[in-house]
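Survey of secondary and tertiary structure
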Amino acid sequence: MRSFTSLHVRTQDPDAVRALARELRTPGLALYVAPDPPWYSLYDEGLEADEVPERLWAALEAASRLGRAALFAVYEDEGLCWGLAEEGRIRYRFCEGVEAAPSGASGRLPDDLDAAAVAAAQAGEPKTAAVRALAGMLGIFPDHAVIGFGDVLELDEEGGLPEDVWVIEDDAAPALEEDHAGG
């Protein structure tokens, strides 16, 4: 069972992120977007609930059409899948301790990442610490990388969701209603 899934895309186009969120969101389920330009973090109820790893990689590829994209999935803090994609293609993926996915790395890390530092981070325990380290190397706010849909939903229900978080729930809703109005 997956503990959390977070998808991140680096872009200067918030409207493209809104369109991506609508594309990825499963009808009838919610998706939250936490903007921290140039990175946008997406937390999708359907993606987190789906136990099929192929859907993770498809979402990562879709996000990477907008710019560099990263995905993190932690399984009961014992298993980890993460990947990087650009230009609609997965460039690097790593899985360890996940039954439905082959273990190990495939692809090539971008030149701007230190392979030894990435390997050390991937080996880190607990896996949330590994994700924090990897996110930091990419310039993603580490707290955004280690929360998932359930965490964001809980914040929303308790009135603690930051005002700048976008809530994508109903395709028929006007664009202005997608922005969270705080509490």
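Parameters and conventions
- Residues numbered from 1 in each chain as written.
- Predicted model: local features only at pLDDT ≥ 70, side-chain atom pairs only at ≥ 80, totals over all residues.
- Heavy atoms only, no water.
- Phe/Tyr/Trp six-rings, centres within 6.5 Å; stacked < 30°, edge-to-face > 60°.
- Helix = DSSP H or I, 4+ residues; strand = E, 2+ residues; numbered from the N terminus.
- Buried < 20%, exposed > 50% of the residue type's maximum accessible area, 1.4 Å probe, protein only.
- Disulfide = S-S within 2.5 Å.

A few words now on the packing of aromatic side chains. Evaluation of the coordinates by the stated rule reveals 4 aromatic pairs. Between Y32 and F149, the aromatic rings sit 5.6 Å apart at their centres with planes inclined by 50 degrees, giving tilted as the arrangement. Residue Y32 is located in strand β2 (residues 31-36), and its partner F149 is located in helix α7 (residues 149-157); the two are separated by 117 residues in the primary sequence. By the burial criterion, Y32 is buried, and F149 matches it. Judged by centre distance (5.4 Å) and plane angle (55 degrees), the rings of W82 and Y92 are tilted. Taken as a pair, W82 in strand β5 (residues 79-86) and Y92 in strand β6 (residues 89-96) lie far apart in primary sequence, 10 residues in all.

Bringing the state of the cysteines into the picture now. On inspection of all chains with the given rule, the structure shows 1 disulfide. Disulfide pairing places C81 opposite C95 at an S-S distance of 2.1 Å. Judged by the sign of its S-S torsion, about 115 degrees, the cystine formed by C81 and C95 is right-handed. Taken together, the positions of C81 in strand β5 and C95 in strand β6 put the pair 14 residues apart, joining distant regions of the chain.

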